[in-house]
Amino acid sequence: GAEVLFSVDCTKLKEHFPPGKREFDRIYFNFPHCGRKAGVVKNRQLLAGFFQGCAEVLAQEGEVHVALCNGQGGTPADQPRREWHNSWQIVAVAAGAGFILSHIRPFEAETIEGYKCTGYRSQDKSFCVQGALNHIFTRSTAPPCFTPRSCRTQLGSQEVSFQVPQVLVDKIDRGFLEVNSSHPVRTIKEKLSAGLSQAFPLQNISSCIPLLHQGHPRGVCHSSIFWITLSPGEAPSTGKMSQGLAKAALLSHFGQDTDKDVQEGGPIPKQFYLRPSLLPHAQAIIKKRAFSPGTLQVLSGPVFRKCQITPHSMPVFHELLLVLAVSRGTESSWIQMLVDNIQTTLNSLRQGVSGLNPMVSLQEATSFGAELNDFAAFEWQLGEIQHFLCVGADPDPSGSPVGVIRTAADELKSSELVAVSASLNLDLLAMLLCGISDWRMLWTSDRRFLRQFPEGELRLFKSFSLYPPSYVHDVSFWLRDGEQFDEVAFHTLAREVSGETVVSIQLRDSFQQPGTGRRSLCYRVTFQSCDRALGCRDAAEMQLHLREEMQQQLGVTLR
């Protein structure tokens, strides 16, 4: 009962089917080949045309199945694997038409009734299908359109508007922690809160935390901050800050001179930045004594920090901050009780995720050397740390810091009470507990991510984009005389220009010209998307755009 068409050009599928018959759920192409002794280049071109044709006739949720002989595809699933230049590079070719490799399975000819492999060198001869693989492709989400946007937030007693930094346009106000969210970040936050409520009375105060701070955070590197310019006419010029939370946060996080100005009603500094931490808000609560001793104050929300590009370094993540006021001299026992409760909850969570066995541990801050992840290194800038909360697995059971424990004896100005705080990176926890290897996946707009996490459940994540292709480009440039190169600014610019598709930036060479003393740097930039199609032309265009922006924004001279 099937309709069979002959002499179909696989690169022009749209021409062979009327508009009402162009929504195929499956398109199969078993062992494509140009014929005779065609080389890999011609066969790549054949596949490129085929995938372009599929894009015009495939249903939105449809699949494209392509069977290739062992080694042809060029993916790690081929055993043995050919060198990349000698393969058909099927994943990169498909990416050019907007497809990602979602599954890969053995091609089992014996299970297909009536199937016979034939066509060796365009003859009626069979060919070897042992080790052949069936590559299953699906449509990628469209590349994001990063149109400028503004955001409104409370600053002291007034509501202000500001332009969102370009690199954060798709991350601001995503609502991962809201009531109707099934995101794993929220699930972990809710499970931790439920576990902690068994041992402590809780008070959730996250709803009143503003996005913006004023001034300059004491002790924090200037280049790590997302500085903000308020929309015209929005910035408060002079006068006192409103009483309450905003003033206390300002006082606790500024230098001495600014403290004096604010206390005396002097001018307010016109510098604004996105909050890099919830800690100043906790300090404000402590200073105001807006708490009950023994009650656990719970603050949560996204925080923003510029950082270099690594799989675990995030310019934005969700922080869970716990604050507890206890009697002086008893803080050690309270810290142990708090950590034991967190460990018990996290251990129960990891047991519910089959396939992984992460271990939760508390480690002295002094036991860590210089090798800290970006989260922990930034936390050191905010103040002294007593303990790190770490999650690890074999072969590194000691793990990476995902939380810090502090005591703040001076915050209360009291001889009876001491403030204990615990800051947790919920995004890092979600990655480690669910087996997510790249932080960018937490922020994907592809619905296939959240489908794996029914509300209130954590599961082992299975990537829907296998073996994404990577593209390597080098860029070298001269620095201005006597200037230090700001690597964090360079990485932030690369994030912005590429839409977070730069996965690695590595310094390859540093050269100083004899006689003039001019310095030149060469970096290797690797483009790779974890959740959507990225073709070689897309990466090349991004590289050209990056070079242009480097000249304009970083003041370097390209070589």
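Throughout this description, residue numbers start from 1 for each chain and increase along the sequence as written. Local features are withheld for residues below a pLDDT of 70 in this predicted model, meaning they are given only at 70 or higher, and side-chain atom pairs are given and counted only at 80 or more; totals for whole chains, interfaces and linings count all residues. Where side-chain values are given, they derive from all heavy atoms of the structure, hydrogens and water being excluded.

- As recorded by an unreviewed UniProt entry, the protein carries the name phenylalanine--tRNA ligase and is attributed to Sitta europaea.
- Turning to the protein, the UniProt annotation filed under Sequence similarities (unreviewed entry) states: "Belongs to the class-II aminoacyl-tRNA synthetase family."
- UniProt positions are given in the numbering used here, feature names are shortened, and annotations may be inferred rather than shown by experiment. What UniProt records for the protein under Catalytic activity (unreviewed entry) is the sentence "tRNA(Phe) + L-phenylalanine + ATP = L-phenylalanyl-tRNA(Phe) + AMP + diphosphate + H(+)".

1. Comments concerning unusual backbone geometry
Next, step 1: Look at the link from Q79 to P80: it is a cis peptide, with omega at 0°.
Next, step 2: For the purposes of this entry, the term helix denotes a DSSP run of H or I that reaches at least four residues, the term strand denotes a run of E that reaches at least two, and both are numbered from the N terminus. Following the sequence through the fold, P80 ends up in the loop between β2 (58-68) and α2 (90-95).
Next, step 3: Of note in the backbone geometry, Q89 takes a positive phi value of approximately 50° without being a glycine.
Next, step 4: Tracing the backbone through its elements, the reader meets Q89 in the loop between β2 and α2.
Next, step 5: In this structure, Y467 is a non-glycine residue whose phi angle is positive, near 50°.
Next, step 6: Structurally, Y467 is set in the loop between α10 (447-450) and β17 (471-478).

2. Things to note about the environment of P80
Next, step 1: Exposure remark for P80: the relative accessible area of 63% places this residue in the exposed category.
Next, step 2: The criterion used for residue contact is that any of the two residues' heavy atoms lie within 4.5 Å. Sequence-distant contacts of P80, defined by excluding residues within four places in its chain, comprise N70 and G71. Only protein chains enter the area calculation, which uses a 1.4 Å probe; residues under 20% of their type maximum are buried, those over 50% are exposed, and those in between are partly exposed.

3. Examining the sheet that holds β2
Next, step 1: Here 4 strands make up an open sheet; going across it, the order is β1-β2-β4-β3 and the pairing mixed. Strands with a single pairing partner mark the edges of an open sheet, and in this sheet they are β1 (24-30) and β3 (99-106). When the angles between neighbouring strand axes are averaged without regard to direction, this sheet yields 20°.
Next, step 2: Where helix α1 (residues 40-57) meets the sheet, its contacts fall on β1, β2, β3 and β4 (133-139), and the angle it forms with β2 comes to roughly 155°. Should DSSP find at least two bridges between two strands, the strands are regarded as paired. Axis lines are fitted to C-alpha atoms, over the contacting stretch for helices. Their N-to-C directions set the angle, which ranges from 0 to 180 degrees.

4. Some thoughts on the sheet that holds strand β9 (residues 227-228)
Next, step 1: As summarised here, the arrangement of the 3 strands in space is β8-β10-β9, forming an open sheet in which the pairing is antiparallel. Two strands in the sheet have a free side with no partner beyond their single neighbour: β8 (212-214) and β9.
Next, step 2: In this structure, β8 lies alongside strand β10 (residues 272-274), joined through 3 bridges in antiparallel fashion. Residue pairing in the sheet places H213 in a bridge with Y273 of β10.

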